[in-house]
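Inside the fold
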Amino acid sequence: MNEGASSGGEKQELKFKRAILQDQNKPENMIQRQQVIRLTYLITAMDLTCLFMQIGIIPYLAKSLGLDSVGFGYLQTTFGVLQLLGGPIFGRFADQCGTRAALTLSYLSGSAFFLLLSISTSIPLLFLSRIPSVFMHGLPGAQMVITDLTTPAERADALGKLGLCFGIGVIIGSSLGGTLSTKFGMYFPSYLAVVASLINAMIVMTCIPAHTKPKSEGQATQQRTSQSSVFSLKEILRLLKLPGVKEVFLIKVLSGLPTGLFLIMFSIISINFFGLEAAQTGYLMSYFGVLQMVVQGLIIGRLTSHFTERTLIMLSVLAFSGVGLAMALMTSVFHYCIIALPMVFALCTMGIITDSILTKSVPPSDTGAMLGICASVPPLTRTVGPTLGGILYKMFGVSAFGYLQMVVNISLFLYIFKNRVPQNEEKAQ
């Protein structure tokens, strides 16, 4: 009975994949989907630039309003919790209503977020400005578009190129935000971000197809829409129970958690441990952004054409283990600049390959929901990070992050080596 059900599910998934390939291989569709993908990269770069313009300014704005370090921690936690709750819901909304509606919702929420930030003249208003962030998921939305418009073989490389957008956002957004706030006032970058977000929303409404999934997928999605709600926790848990999904998702979460804790505490570590000034810390973050652009945009695509996904996951875990040992022994910022190379490689490779595996492990009609669940991983780290990271740093120092990283990833390597994870070993491209 179970074998029959499994066979039927496999046939249905194969039918979906054939529909994708037949639809995308038409010449006119190939040209159109490439145009949509390029446009998606453009609006994603704009969206991330707006976001990073604010990230560098918010600490100074919070301080000018009288918010102390503890209060600022609560502000960051509020943002993390809202993003954590909104990610899976946003993914389900994209599957049921289409990526055009989802991206429009994201950019309109971004406009509301920046607008409220631009009038935040008190601490309550500053906290109120965080509320629209529950639906601000421009990057996951872009991943959903690219996942729908690429074949499984192209997916990892296409998702990796979003790293270029992220790097552009980090470098241009961070520097532009500081320059504009110095010349025109603290709130000017927010005004600019409101306008840019509204432009993005208009581009999406006029240039992005209402539904990017093939017709057969759209019909399956419509049937499921009538059976379940966007807010259905049962549907989200159903995806995690599919074969091979839970194992890969846990590897995704656990492998990068220690590094995530370290990066959350980096602003404090850069002052107390490395002795850096604010400007020097900014240069270091830009360096991190450039590395991410190079790795995701240029390296991962080539690796996926030569190695299987399982090999790349094991390589990432090994790199994380080596990074952990190096972090435990580092004593200067020069050491950190060297360690950043394998750290960024491991973070980017693990993130992209696990996203690719997970979207191929669920029915094509549920890829948006799966990417929404994946998008909740960074907010989860930001939510628990300040508390866990603070305890680790206060009790054991910087080396604690390194030793934790090494122990966790050596354990994961042994688990992956012993078990067949992912279940279907194939080249990423």
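Residues numbered from 1 in each chain as written. Predicted model: local features only at pLDDT ≥ 70, side-chain atom pairs only at ≥ 80, totals over all residues. Heavy atoms only, no water.

For the chain, the name recorded in an unreviewed UniProt entry is Organic cation transporter-like protein 2, with Chelonoidis abingdonii as its organism. Annotation of the chain in UniProt includes, under Subcellular location (unreviewed entry), the sentence "Apical cell membrane". (UniProt positions renumbered as here; feature names shortened; annotations may be inferred.)

A tally of helices and strands in the chain yields 20 helices and zero strands. Taking the intrachain contacts of the chain between residues at least 6 apart in sequence as the baseline, contacts between residues at least 24 apart amount to 85%. For the chain, the exposed surface amounts to about 19500 Å²; the carbon and sulfur share of it is 68%. (Helix = DSSP H or I, 4+ residues; strand = E, 2+ residues; numbered from the N terminus. Contact = heavy atoms within 4.5 Å. Areas by Shrake-Rupley, 256 points an atom, 1.4 Å probe, with all protein chains shown as cover.)

Within the secondary structure, glutamate 247 is located in helix α13 (residues 245–264). When its relative accessible area of 27% is taken as the criterion, glutamate 247 is described as partly exposed. Put simply, glutamate 247 and asparagine 419 are 172 residues apart on the chain and 9.9 Å apart in space, counted from C-alpha to C-alpha. Beyond its immediate sequence surroundings of up to four residues, glutamate 247 is in contact with Tyr415 and Val421. (Buried < 20%, exposed > 50% of the residue type's maximum accessible area, 1.4 Å probe, protein only.)

This part takes up the environment of arginine 33. Here arginine 33 is to be found in helix α2 (residues 27–55). The buried category is assigned to arginine 33, whose relative accessible area is 7%. Between the C-alpha atoms of arginine 33 and threonine 150, which are 117 residues apart in sequence, the distance is 8.4 Å. One polar contact links the side chain of arginine 33 to the main-chain carbonyl oxygen of leucine 149, over a distance of 2.6 Å. (Polar contact = N/O pair within 3.5 Å; in protein donor to acceptor, adjacent residues only side chain to side chain.)

Next up on the list: the nonpolar core. Soluble globular proteins tend to pack their nonpolar side chains together in the buried interior. Of all hydrophobic cores here, the largest spans 80 residues; its most connected members are Phe262, Ile269, Ile313, Tyr336, Met343 and Phe401. Broken down by element, this core gets its largest block of residues, 13 residues, from helix α17 (residues 333–361). Among all residues touching methionine 343, those that are not within four sequence positions of it are Thr259, Phe262, Phe288, Val323, Met327 and Tyr336. In this structure, Phe113, Phe114, Met136 and Ala193 belong to the second largest nonpolar core, which totals ten residues. (Core = buried A, V, L, I, M, F, W, Y, C linked by side-chain atoms within 4.5 Å.)

The tally for this structure, following the rule as stated, stands at five salt bridges. Among the ionic pairs, aspartate 366 bridges to arginine 238, the shortest N-O distance being 2.9 Å. Taken together, the positions of aspartate 366 in the loop between α17 and α18 (367–374) and arginine 238 in helix α12 (residues 233–240) put the pair 128 residues apart, joining distant regions of the chain. Residue arginine 238 is classed as partly exposed on the basis of its relative accessible area of 25%. Taking the shortest distance from any N to any O, the salt bridge between lysine 252 and aspartate 355 comes out at 2.8 Å. Taken together, the positions of lysine 252 in helix α13 and aspartate 355 in helix α17 put the pair 103 residues apart, joining distant regions of the chain. For lysine 252, a relative accessible area of 11% translates into the label buried. You can call aspartate 355 buried: its relative accessible area is 8%. (Salt bridge = Lys/Arg side-chain N within 4 Å of Asp/Glu carboxyl O.)

Mapped onto the secondary structure, serine 181 falls in helix α9 (residues 162–184). Judged by relative accessible area, which is 16%, serine 181 ranks as buried. A polar atom in the side chain of serine 181 sits 2.9 Å from the backbone oxygen of glycine 177. Each residue touching serine 181, except ones within four places of it in the same chain, is listed here: Ile57, Met186 and Pro189.

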